[in-house]
Amino acid sequence: MAFRKSISQDELRQSLTAEEQERHATTYQASRGGWFPAPAKPVPGTPKGDKK
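Residues numbered from 1 in each chain as written. Predicted model: local features only at pLDDT ≥ 70, side-chain atom pairs only at ≥ 80, totals over all residues. Heavy atoms only, no water.

A. The overall build of the protein, seen in detail. Summing up its helical and strand segments, the protein has two helices and two strands in all. Each helix (α) and strand (β) of the protein, taken in turn from the N terminus, gives the series α-α-β-β. Relative to the globule expectation of 10 Å for 52 residues, the C-alpha radius of gyration of the protein, 18 Å, shows a markedly less compact shape. Seen through its principal axes, the protein has C-alpha atoms that stretch 65 × 30 × 15 Å. On the protein, roughly 5700 Å² of surface is accessible, and the fraction owed to carbon and sulfur atoms is 55%. If the 9 positive side-chain charges of the protein are averaged to one point and the 6 negative ones to another, these points end up 8 Å apart. (Helix = DSSP H or I, 4+ residues; strand = E, 2+ residues; numbered from the N terminus. Rg over C-alpha atoms; globule rule 2.2 N^0.38 Å. Areas by Shrake-Rupley, 256 points an atom, 1.4 Å probe, with all protein chains shown as cover. Lys, Arg positive; Asp, Glu negative; His and termini not counted. Charge placed at Lys NZ, Arg CZ, Asp CG, Glu CD.)

Listed below in structure tokens is the structure:
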């Protein structure tokens, strides 16, 4: 059986760019019982949709 070198999560995280880190970020939500992707943040100045 071959040995595998394990790579720590911190080492993997350091190799990501800031944009990739933000895209894969998660937040802890106790009401849902775990870590989930963060909800999309609204961009200032963009319309929310059709308002009638």
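B. Spotlight on the pairing of strand 2 (residues 34–37). Sheet analysis places strand 1 (residues 26–29) next to strand 2, joined by four bridges and oriented antiparallel. By the bridge assignment, Thr26 is partnered in strand 2 with Pro37. In this structure, the hairpin formed by strand 1 and strand 2 is closed by a connection of four residues, where Gly33 is found at a positive phi of approximately 80°. (Pairing = 2+ DSSP bridges.)

C. Quick peek at the layout of surface pockets. Of the voids in this model, the largest pocket is the one considered here, and its volume is about 170 Å³. Looking at the largest pocket, the residues that line it are Glu22, Arg23, Ala25, Pro37, Ala38, Pro39, Ala40 and Lys41. Grouping the constituent residues of the lining of the largest pocket by class yields five nonpolar, no polar and three charged. (1 Å grid on protein atoms, 1.4 Å probe; cavity = no way out; pocket = protein on both sides within 12 Å on 5 of 7 lines; lining within 4 Å. Points joined across faces, edges and corners; volume = space filled by probe spheres on them. Nonpolar A, V, L, I, M, F, W, Y, C, P; charged D, E, K, R; others polar.)

D. Fine view of the side chain of Gln29. Considering the arrangement of structural elements, one finds Gln29 in strand 1. Within the structure, the side chain of Gln29 is placed 3.1 Å from the side chain of Arg32, a separation counted as a polar contact. Non-local contacts of Gln29, meaning those with residues more than four positions away in its chain, are made with Gly34 and Phe36. (Polar contact = N/O pair within 3.5 Å; in protein donor to acceptor, adjacent residues only side chain to side chain. Contact = heavy atoms within 4.5 Å.)

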